[in-house]
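Chain and residue survey
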Amino acid sequence: MSGCWKCKRAGVKFDPLDVENTGEGTPVANDDVKPNKEEAPESCPEKNRITCKYLIQQLRSLVIDTSKSGYYYWLGVVSATVLYNAIVLPMRSAFTQFHEMCHILWMFIDYVIDLVYLADIFVGARTGYLDQGLLVRDVMELRKAYIKRRDFIWDILAIIPTDLLYLIPSLHHYAAWVRLNRLFKIYRFFEFVDRTETRTNRPNIFRISNLTMNIMVLIHLNACIYFGFSKATVLTLLKDENRRECNDTARITLDKSIFV
């Protein structure tokens, strides 16, 4: 017998001497015979690799569904940046020593948050909405609808580069209050809270926690504003007192010179 055709293609030699009662021979592996190159698996990394052109096409046709979890997680990221600005910016404005300790780190975090806000503008322009029960996927229609919404105005106000005021000599680099316009993004935080309240299994606990956090943030803002105004008032009084002392000293010196 000539042996199994599968064994021949796999490079296995058939031994005709070793024949059992069934009439079939035992295949013996032949190391000299190499397997057929056509049967070897071919790796195609070019087909599996995602090119930049493909990514650009996906971004151009991207439409975000607000009912998906990805949109909810993105709201969580933006809400974290809003909460950071609401706590850290007033602290750095009132207590300038915190900014002076590591101002490079603070500025790096600020500009990363600006990148997140720019990305959120893209997300807002690609957020789908329902029209007669169907999700609108036309990119141009989504862009026009986003520009007409009030969210577009808040997004533009939140991304205005007020950091350029740092170039004014009278404003020091630690004057973080010039970035308070980033708090216009707070509407994203409220949207995240509303969606979390509907998704959580314990809404009452979440409401209490949210209320407690809001009270703590308001107390923090009040303390920073009070300290900032007090500091500015004290500095003004000290300047007036120093100016008065200098005038008195100059007057006494002038009187002595006249009598002499």
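Residues numbered from 1 in each chain as written. Predicted model: local features only at pLDDT ≥ 70, side-chain atom pairs only at ≥ 80, totals over all residues. Heavy atoms only, no water.

On to the UniProt feature "transmembrane region" (unreviewed entry) in the protein chain, then. Here the UniProt-annotated "transmembrane region" (unreviewed entry) positions come out as residues 71-91, 103-123, 152-175 and 211-229. Helix makes up 100% of residues 103-123 and strand 0%, and the two end C-alpha atoms of the span are 30 Å apart. (UniProt positions renumbered as here; feature names shortened; annotations may be inferred. Helix = DSSP H or I, 4+ residues; strand = E, 2+ residues; numbered from the N terminus.)

On to the side chain of Asp-163, then. Note that Asp-163 resides in the loop between α8 (150-158) and α9 (186-199). Among the polar contacts listed, one links the side chain of Asp-163 to the side chain of Arg-182, at a separation of 3.3 Å. (Polar contact = N/O pair within 3.5 Å; in protein donor to acceptor, adjacent residues only side chain to side chain.)

Under the 1.5 Å per step criterion, the end-to-end length of α9 is 20 Å for 14 residues, consistent within 8% with the ideal 20 Å. Within the span of α9, buried status applies to Tyr-187, Arg-188, Phe-189, Val-193 and Thr-196. (Expected span 1.5 Å × (residues − 1). Buried < 20%, exposed > 50% of the residue type's maximum accessible area, 1.4 Å probe, protein only.)

Let us now look at the pattern of salt bridges. Evaluation of the coordinates by the stated rule reveals 13 salt bridges. Residue Arg-195 is joined to Glu-191 by a salt bridge in which the shortest nitrogen-to-oxygen separation is 3.5 Å. One end of the pair, Arg-195, and the other, Glu-191, are both in helix α9, four residues apart, so they sit about a helical turn from each other. When salt bridges that share partners are traced, they join Arg-92, Asp-110, Asp-114, Asp-163, Arg-179 and Arg-182 into one network. (Salt bridge = Lys/Arg side-chain N within 4 Å of Asp/Glu carboxyl O.)

Time to look at the environment of Asp-155. Within the secondary structure, Asp-155 is located in helix α8. Owing to a relative accessible area of 1%, Asp-155 belongs among the buried residues under this scheme. Each C-alpha atom, one on Asp-155 and one on Arg-182, is 8.8 Å from the other, the two residues being 27 residues apart in sequence. Those residues in contact with Asp-155 that lie beyond four places of it in its chain are Asp-120, Ile-121, Tyr-146, Lys-185 and Tyr-187. Side-chain polar atoms of Asp-155 contact the side chain of Lys-185, separated by 2.8 Å. (Contact = heavy atoms within 4.5 Å.)

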